[in-house]
Amino acid sequence: MAVEKKATLVFDSGNNIELPILSGSLGEDVLDVRTLGSKGLFTYDPGYLSTASCESKITFIDGNQGILLHRGYPIAQLAKESTYLEVCYILLYGETPTPEEFATFKDIVTRHTMIHEQISRLFQGFRRDSHPMAVLCGVTGALAAFYHDSLDVNNERHREITAFRLLSKMPTVAAMCYKYSVGQPFVYPRNELSYAANFLHMMFSTPCEEYVVNPVVERAMDRILILHADHEQNASTSTVRTAGSSGANPFACIAAGIASLWGPAHGGANEACLKMLEEIGTVDRIPEFIEKAKNKDDPFRLMGFGHRVYKNHDPRATVMRESCHEVLKELNLSDELLDIAMELEHIALNDPYFIEKKLYPNVDFYSGIILKAIGIPTTMFTVIFAIARTIGWIAHWNEMYTDGIRIARPRQLYTGYTEREFHSQIPKKSDKA
Ligand code: CMC
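Residues numbered from 1 in each chain as written. Predicted model: local features only at pLDDT ≥ 70, side-chain atom pairs only at ≥ 80, totals over all residues. Heavy atoms only, no water.

- Under the annotation held in an unreviewed UniProt entry, the protein chain carries the name Citrate synthase and is attributed to Budvicia aquatica.
- The heading Pathway (unreviewed entry) in the UniProt record of the protein chain holds the text "Carbohydrate metabolism; tricarboxylic acid cycle; isocitrate from oxaloacetate: step 1/2." (UniProt positions renumbered as here; feature names shortened; annotations may be inferred.)

Below, the structure written as C-alpha cells:
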C-alpha cells in the first residue's frame, strides 16, 4: 500500500504526531492512526462514521456516486449478466471462473445441499411460532457440532470446505425454518434445479404437490441473492469479522452475523417495510405516514428508505426496482399492499423532504415487495437476506485469515465514575447476630 502522504496531529500545544495517510486503489485516503495508542491517545468514532476497520479487496462502495463493485465488477452488470453462484465464486476467489472452474464449483455446491439428518431433530426443540431468524441463528451455530472435522481456521483447505458447506446448506436450513413454522414436512433439495429454484422448491413443494418454478420468479430470486451477496464492512459483516478475530469457529461467526443482520436498521428492514405497509393499510393514509416520518419528535421512519452509505442512490435498488416491476407484471397481482408500496415510492421520490435528505427507496424496499408478490411470508424476508449474505460473510472471514489476523479490541471514552471507596449497603450475616 502506498504511503506517500503524511498528516501531522498537533495537540497540547506543541506535541506533534506524524501519521501516514494510506491510499487504496479506489476511495478516500485513510489516516493510519495505529500508532496513536502507544502515545496515549485514542480516536473516538461511535458508529464508525469515519473509521476503516480493515483493509479489503472484496467490495468497493462509493456512496456519493452510487457505485458498488464486487472484485471490481459493477453490481448492475453482475445482476444482469451473471448468476448468484458465479458472483459467489468471484467474491470468494477474486476472479471470474473459467467454464471448467465454474462447473466444478457449481457441482460441489449442488452436491452438498443436504444436511446431516440429525439436524432435523434439532428443530423439534423450537416453538413452532418462533421467528425463523431465531431458528436460523440457532441452527447455524449448531452446525459446528455436526461438521467439526474441518474447523481448523488456520488451515486454508478447512476454510474452503466450510465455505462450501455454508453456501450449500444455508438455503436448506432456511427452507426448513419455514416448513417447521407451518407444520409441513421438510423437503429435500433437488440437484437438477438452480440455486434459486432449489430454494423455492424446498420452500413451496409438498409431498403431495411439486412446486413449479416460474422462470421470471426464479430470475428475480437469483437477483435478490446477487444484490444482497456482499456490501463491504456493514454491521453484520463487521460482526462476523469481529467474532472471527478471536479464532472462533466459522459457524459461530456466521450465526453472529445472522444475529446482527436481524435488526430493523440492517437486514430486518425488508420485513419492517412490509409491516409498515400493513400498518398504513390503505393508499389514502400514506400522507399521514409521510408526515409522521418528517416529524422530528416522532421516532417513526419510512422503512426501506435511506442508507448510511448511499446518499445519492442505491445502485442495487435501481436493478431491484426493475425486477420488482417485472415480477408484478408477470404475476398480474392485485394486492392493496403492493398498491401502497408503489404509491409510497412515487410520493417519496417527489417529496422535497426526501429529496433534500437524499432518502431514496433502498434495495430492501423493492426486495420486500418482490418477496411478498412471490408468496414468501414476511418473517422469511431477512432469512433470505441471510442466505444471500452468507457468501459475503465467508469471503470477508476468509480474507481476514489470509491477510493475517489480530483480535478486534476497540477502546472507549470512559465517562463513568472516577475511583471511589466501596461501602456495601447489604447487611452482613455477622450484623444480624
Ligand atoms: N425516514 C425518515 N427520515 C429518515 C429516514 C427514514 N427512513 N432515514 C433517515 N432519515 C432522516 C433522519 O431523521 C435524519 O434527519 P435529520 O438530519 O433531520 O436529523 C437524516 O435523515 C439522516 O439520517 P441518519 O439517521 O443520520 O442516517 P444514518 O446513516 O444514521 O441511517 C439508516 C441510515 C438506513 C439506518 C436510516 O436511513 C434508516 O433507519 N432507514 C430505515 C431502515 C432501512 O430501510 N434500513 C435498510 C438499509 S439498506 C439494507 C442494508 O444495507 O442493511
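That covers the picture; the talk isn't over yet.
## Examining unusual backbone geometry
- Phi at Tyr48 takes a positive value of approximately 50°, unusual for a residue other than glycine.
- Tracing the backbone through its elements, the reader meets Tyr48 in the loop between β3 (30–31) and β4 (59–62).
- At Lys358, a position not held by glycine, the phi torsion is positive, near 55°.
- Residue placement: Lys358 occurs in the loop between α15 (352–356) and α16 (363–374). (Helix = DSSP H or I, 4+ residues; strand = E, 2+ residues; numbered from the N terminus.)

## Thoughts on the packing of helix α6 (residues 156–182) against helix α17 (residues 381–403)
- α17 packs onto α6 with a crossing angle of 170° between their chain directions and a minimal axis gap of 9 Å. By the criterion of interaxial angle, the relationship of α6 to α17 is roughly antiparallel. In this structure, α6 contributes Arg159, Ala163, Leu166, Leu167, Met170, Pro171 and Ala174 to the contact, and α17 contributes Val383, Ile387, Thr390, Ile391, Ile394, Trp397, Asn398, Tyr401 and Thr402.
- Within the contact of α6 with α17, the residues separate by chemical class into 12 nonpolar, 3 polar and 1 charged. (Axes fitted to C-alpha atoms, helices over the stretch in contact; angles between N-to-C directions. Parallel < 35°, antiparallel > 145°, perpendicular 65-115°, else oblique. Contact = heavy atoms within 4.5 Å. Nonpolar A, V, L, I, M, F, W, Y, C, P; charged D, E, K, R; others polar.)

## A look at the UniProt feature "active site" (unreviewed entry) in the protein chain
- UniProt feature "active site" (unreviewed entry): in the numbering of this structure it lies at His307 and Asp364. In summary, the annotated positions, though distributed over 58 residues, converge in three dimensions, the widest C-alpha pair being only 10.5 Å.
- Inspection of the secondary structure assignment puts His307 in the loop between α12 (286–294) and α13 (315–331).
- Residue class for His307 comes out partly exposed when judged on its relative accessible area of 22%. (Buried < 20%, exposed > 50% of the residue type's maximum accessible area, 1.4 Å probe, protein only.)

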